[in-house]
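Residue-level listing of the chains:
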Amino acid sequence: MIMADEIDLATRPGLTLTLDDLASIVERNGQGEAVAFIKEKFGNQKELLRLLQTHEDDGISHLVEEEVLKRQELYGNNSLYEVEEAGVHGSLWNIIKSQLLKELRLVLIMVLAVVSFGLSFAESDVIKFSLYLELEERKRAGWVGAICLCLLAIFIFMFQVVSNYFLEEQYAITQRKRKLFSMAQVYTIRGSAGAYQPRDEIVVGDIIYVKCGSTVPADGLIIYSSNVKVNEYRVTRRDSVVDKSADGDAILLKGSKIIDGHARMVVLQVGVHTKLGKTPQGGVINGAFTPNYQFARSSDAPDSGDIARSANDIYVNMPGNTSEVATQSSPPVYSPLGSQRLRNKKEKKSVLTQDLEIISNYVLIAAIALCTIIGLVLIINYCYQTFIADDESWDITYLKDIVDLIIVTITVFTITYPSSLPSIYQHICKQSAHEIRHDQIFVRNNEAYGIMGNITTLLTNKTGVVTENYMRVEGIFLFNELFHVRWPDKQTNLNTRLKSMTHSSEVTNLLLEGMAVNTDYTAQIIEISVENHGILQHIGDRIDCALLELVEILGGHYRALRDSNPEEKVMRVYPFNTSRKMMCCVIGKEELNRNRVYCKGAAERVLKRCSFYLDTDGVACPLDTDTQSHFASQITEMSKSKLRTICLAYRDMAIDQTEDSVDLSREDDVLSKLTCVALLGISDRVRPKAAKYVKDLQRSGIKITMVTGDDLQTAGAVAAESGIIRSPKDLCLDSEVFNHKIRGIEMTSPSASSIMYGDESQLIKDDEFHKTWPSLGVLGGAHPDDKQVLAKGISAAPKNLQPQLVAVTGRYIGDEDTLAEADLGIALGNIGSVEAKTAADVILKDDSIYSIRQAIMWGRNIWDGVVKFVQSLLVRGMITSLVAFIGACTFSNSPIRAIQVLWSYLLVNVSIILLADKPTRHILKYKAAGSDNHIVSPLFVVTTISHFIYQLAVILVFIYKGADFFDIDDGQERSPSTFPTQHMTMVFNVFILMQIFNQLNERKVHSQQQVYDGLLQMRSLVYVGEIFCQLLIIQFSNYGFGCEALDLDQWLWCFAFGIGTVLWHQIVLLSYKLIILMKS
């Protein structure tokens, strides 16, 4: 292939750059190499962008959708793992192969049915086979029954295959949607507009932004940068920090971690064509694509390009950075995932799975033992009666009877142990995944379903979960005056006050420019039309958007202010993180011969760095103690009104090397001697009905604690309105007070100011901790480690407290450890980082407390579904095996034929469909049991044994007294292939009808007596279908199912005993409740 340096690329018309052309640029990733190469081959950077048909400010602008598809076709998509789709036929064949291994019993039944069919003609001329009416009655019953048995086994097998195929397809769609939603969102410029795009939809020529904490999503060329430092370990295997800039090392490689700074870049290579994609650890070896086993052990593992809207929340401790904030915690341990912090992902196995494994093992052992005994007794008893008692000589026709007895044994084993119970649980989870997605919930780990319904404690964020996460400024404290912004008309008297000031233009510029420039440039507000009304949509960080909206309210234009202060003027950015709790930037002001620092953040943090403030005339004055106290009182008043308070400040520094100039790498020096401009009170309204949903969870036995970095006063006010705290006994603690309390340190102690997380000399005292957390309602000003301390400590609650299961919500990169180690990690999908979503078990699309409630309801619903199935399995299996055993001992044959047992097995498969009822609020009436909740409960044992006794008694009466009671011929016969009788048909009929009506009882597992609730759902038509099919089988199948048609009276008797299971269930429940009431 002709390389880029062999052709004059400038003469090419249109989009003609090849993959090799772009690779030749990316390979020049040394200091200044790419810049020199581009200058030599293209003339300048703008010419390269022209050839890529993109623009540094507008991005891809011509027919965007068509252009994206065209570029994906030319240059590939941005996925490292290009797995070829199996297609319909391939997927179906894979399921068939899997099902063949899982259902070897059905395959064996089919084979033996064919053998039985052949043995039916052992004594007859094969030519007579074509004359159905000339065959003897016995032989006709034999071969017709064998054919029907084989066909039913095939039908059941295909039913399982088809249902599993559609289930897997539906589940795959859900998983794709979940992955797309969880995927890193990259801020991309297309068509002159900026928007977040999923990482895999990035194409060559896109203009994208990367910033501190994010992972570079593709190989690209830096157009603009500010103090960019990256770790390229994942690509180069060198764990070192590399400086990047537009005029230095200008190539950013996919998979690199941005440690500091931010940049705008043009994408040059994507997916498997990137340098990461071509390395063995990235996915391509010797030109052939192979999965990256070292880095991507599962489809949910984070891959390159994990960028999030809130990904700038990262701990940074760079060489030369002496910032007190930066060194508050030890430097993070990085993994080979490109400077990604390591976490200890705990293997989570729910109590439900553990119980199912135990029950499944016991059922398997019992089924093997019992069916082995049944088979031996059937064959031995048959041989004894035939060859000893009746003194018959051996004939080949007797071999068919023995084969049929073996088939009966295998079918009894099939229904006694239909499948591994954990696999049934996984099936139910997949079945529910599609429905649960409509409730704005994605479940990444099926084990989470068994935990969701049993959680006893919820540690939740405030923002997004309880509140709407739609920020707006409502209070402005400026010039020792509090100004209010009236919503929704957006009016404020601050405009008049600003115009009347002596230094009006200077103060206004400080206020507006500080808000417009010291925000993420990807944040913006756009007006959209909804029902012919224009509303503002916030894109990006919500607080930044609230400030931008305030700029517009005060008469400014944030886009114009940004245009006058382009990114090229931003000399340094100190991004927000949970330790710093402020964002600052340094802007070059050549016209003033100054560098200006703008700072915004938590009011208390910023005020500590302020030495001056603007007085009533807008003049900077020293910030004395009295003024500081006045500011603190204003912060408190705003906090009590549920307003988050932030402080705006600035500082001017000389550019020349004078005593007023500062080295920008020394953060503590730069962010000192600030001048306070204003205090802003930002509202984030509590979600509608949040109090209702909180109350629902509390009534179900779940303790809710709000853990937030916000001020305690603000958090307490929100918690009171949402109902999280309801009485004076509920504690509202600041992080500092909480940490001293659980360590048994008095606030007045000399060591009270030196709490260090992880300090072995200040270990948490269990007795103090377990006295504190049960009444803790709000933890304000929380440190990132506080949530982890709570989650670990509560999970390890002593035996005198209820066994706890803890659910934790999280959104930041720093939350990933807690989410991974908690019993249930819940990531906020709308505002959460990719790292948080990757570590979590559950992802909420809308972040709300409503979705958490729905997740808990679904968890309980699936738990109940599994309990229903296990209960049904035990009753059905015990009845079938015991009846077969009794028949084997008394008259050498099973009263219920093999094909009839197989029909019951088909109903077992169908019954799984009935387990996925949608949950209702009624399910929250029952108290959470935590890790102490088990499948086998006293009620479970009582109902299972009682139904077993009832059904066994009815069947035994029908077998041994039915002929006399109903005045019909006795159908007890030794031979399994005898012709049908009404007697055994009634036994089969009442057996199936009791199973069908018992499915109604199994719809409720919490001693509810209203088993008919919800029967009007479409799914309930399955009951009608089962009864209708049973009617057809009894009346018309004859030799096929070994049935003889019943008359109306006989049907009514069978229905009476079938419905009797519902009445018996009511009697059992009333008796159980009465006993419990008497005991209490």
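Structure's up top.
All of these numbers come straight from a predicted model, not from anything done at the bench.

J.: Lay out the overall build of the chain with the relevant residues and their values.
T.: Helix and strand counts for the chain come out as 33 helices and 31 strands. Expressed as a percentage of the 1080 residues in the chain, the buried residues total 58%. Pairs at least 24 residues apart make up 74% of the contacts formed inside the chain by residues separated by at least 6 positions. Surface summary for the chain: the accessible area is close to 44,800 Å², and the carbon and sulfur share equals 57%.

J.: Explain the packing of aromatic side chains residue by residue, including any values.
T.: Summed over all chains, the structure comprises 18 aromatic pairs. Here the aromatic rings of Y187 and Y209 are separated by 5.5 Å at their centres, their planes lie at 70 degrees, and the arrangement is edge-to-face. A residue pair is termed long-range when its members are at least 10 positions apart, and Y187 in strand β1 (residues 185–190) and Y209 in strand β3 (residues 207–211) qualify at 22 residues. An angle of 25 degrees between the planes, with centres 6.2 Å apart, marks the rings of W1053 and F1057 as stacked. Taken together, the residues W1053 and F1057, both in helix α33 (residues 1048–1079) and four residues apart, mark about one turn of the helix. By relative accessible area, W1053 is classed as partly exposed at 37%. Judged by relative accessible area, F1057 falls into the partly exposed class, the value being 27%. Each member of the aromatic cluster is reached from another via a ring pair, and the members are F958, F965, F966, W1053 and F1057. Stacked on the ring of Y521, the Lys or Arg R562 has its end atom at 4.9 Å from the ring centre.

J.: Residues and numbers for helix α11 (residues 396–416), please.
T.: Taking 1.5 Å of rise per residue, the 21 residues of α11 would be expected to cover 30 Å, and the 31 Å separating its terminal C-alpha atoms lies within 8% of that figure. In terms of residue burial, α11 counts as a mostly covered element, since 17 of its 21 residues are buried.

J.: Describe the side chain of K600, and please don't skip the residues or the numbers.
T.: Note on placement: K600 falls in strand β21 (residues 594–602). On the basis of relative accessibility, which here comes to 8%, the residue K600 falls in the buried class. Beyond its immediate sequence surroundings of up to four residues, K600 is in contact with N518, T519, D544, L547, M582, M583, V606, C647 and L648.

J.: Could you give me a rundown of the packing of helix α28 (residues 849–891) against helix α29 (residues 898–911), with the residues and numbers involved?
T.: In contact at an axis separation of 11 Å, α28 and α29 are set at 175 degrees when each is read in the N-to-C sense. When the axis of α28 is compared with that of α29, the two are roughly antiparallel. Between α28, through F869, R876 and T880, and α29, the contact on the second element is made entirely by V901, S904, L907, V908 and S911. Looking at the contact of α28 with α29 residue by residue, the classes come out as four nonpolar, three polar and one charged.

J.: For the pattern of salt bridges, give the residues involved together with the corresponding values.
T.: Side chains that differ in charge, positive against negative, can pair when their charged atoms come close. Inspection of the entire model under this criterion finds 29 salt bridges. Its salt-bridge partner being E232, residue K244 comes within 2.8 Å of it at the nearest N-O pair. With K244 in strand β5 (residues 241–244) and E232 in the loop between β4 (219–231) and α8 (233–236), this pair connects stretches of sequence that are twelve residues apart. Its relative accessible area of 4% is what places K244 among the buried residues. On the basis of relative accessibility, which here comes to 5%, the residue E232 falls in the buried class.

J.: Explain the packing of helix α19 (residues 625–640) against helix α22 (residues 712–722) to me, using residue names and the numbers behind them.
T.: Geometry of a packed helix pair, given as the angle between the helix axes and the separation of the axes. Two numbers describe how α19 lies on α22: the axes approach to 7 Å, and their chain directions differ by 15 degrees. Between α19 and α22, the interaxial angle falls into the category roughly parallel. Every pair of crossing elements has a handedness; the one defined by α19 and α22 is right-handed. Between α19 and α22, the contacting residues are T636, S639 and K640 on the first element and Q713, T714 and A717 on the second. Here the contact of α19 with α22 is composed, by residue class, of one nonpolar, four polar and one charged.

J.: How would you explain helix α1 (residues 19–26) if you had to name every residue and give the values?
T.: Within α1, six of the eight residues are buried, leaving the element largely enclosed by the surrounding structure. Turning to α1, its buried residues number three or more, namely D21, L22, A23, S24, I25 and V26.

J.: Tell me about the side chain of S214, and please be specific about residues and values.
T.: Tracing the sequence through the fold places S214 in the loop between β3 and β4. Judged by relative accessible area, S214 falls into the buried class, the value being 0%. A distance of 2.6 Å separates a polar atom in the side chain of S214 from the backbone oxygen of K211.

J.: Requested: an account of a nonpolar patch on the surface, with residues and values cited.
T.: A cluster of nonpolar residues, I147, L151, I154, M158, V162 and F166, forms a patch on the protein surface that exposes about 510 Å² of accessible area. The residue F166 is located in helix α7 (residues 137–182) in this model. Residue F166 is classed as exposed on the basis of its relative accessible area, which comes to 55%.

J.: Report on the sheet that holds strand β28 (residues 776–780), specifying residues and quantitative values.
T.: Taken together, the eight strands give an open sheet; going across it, the order is β12-β31-β30-β29-β13-β26-β28-β27, and neighbouring strands pair in mixed fashion. In the strand order of this sheet, the two ends are held by β12 (441–443) and β27 (731–734), each with one partner. Shown here is a sheet whose adjacent strand axes are inclined to one another by a mean of 20 degrees, direction ignored. When strand β30 (residues 824–828) meets strand β31 (residues 842–844), the two strands line up parallel, connected through three bridges. Pairing of A827 across the sheet is with I843, part of β31.

J.: Residue-level account of unusual backbone geometry, with values.
T.: Phi at N593 is positive, roughly 55 degrees, even though this residue is not glycine. Its location among the elements puts N593 in the loop between β20 (582–589) and β21. The backbone phi angle of K642 is positive, close to 65 degrees, even though this residue is not glycine. One can find K642 in the loop between α19 and β24 (643–654). Of the residues examined, K642 reaches a relative accessible area of 31% and is grouped as partly exposed.

Basis of the calculations
- Residues numbered from 1 in each chain as written.
- Predicted model: local features only at pLDDT ≥ 70, side-chain atom pairs only at ≥ 80, totals over all residues.
- Heavy atoms only, no water.
- Helix = DSSP H or I, 4+ residues; strand = E, 2+ residues; numbered from the N terminus.
- Buried < 20%, exposed > 50% of the residue type's maximum accessible area, 1.4 Å probe, protein only.
- Contact = heavy atoms within 4.5 Å.
- Areas by Shrake-Rupley, 256 points an atom, 1.4 Å probe, with all protein chains shown as cover.
- Phe/Tyr/Trp six-rings, centres within 6.5 Å; stacked < 30°, edge-to-face > 60°.
- Lys NZ or Arg CZ within 6 Å of the ring centre and 35° of its normal.
- Expected span 1.5 Å × (residues − 1).
- Axes fitted to C-alpha atoms, helices over the stretch in contact; angles between N-to-C directions.
- Parallel < 35°, antiparallel > 145°, perpendicular 65-115°, else oblique.
- Nonpolar A, V, L, I, M, F, W, Y, C, P; charged D, E, K, R; others polar.
- Salt bridge = Lys/Arg side-chain N within 4 Å of Asp/Glu carboxyl O.
- Left-handed = near helix turned anticlockwise from the far one by under 90°.
- Polar contact = N/O pair within 3.5 Å; in protein donor to acceptor, adjacent residues only side chain to side chain.
- Patch = residues over 30% accessible without salt bridge, like charges linked within 9 Å, V, L, I, M, F, W, Y side chains within 5 Å.
- Pairing = 2+ DSSP bridges.

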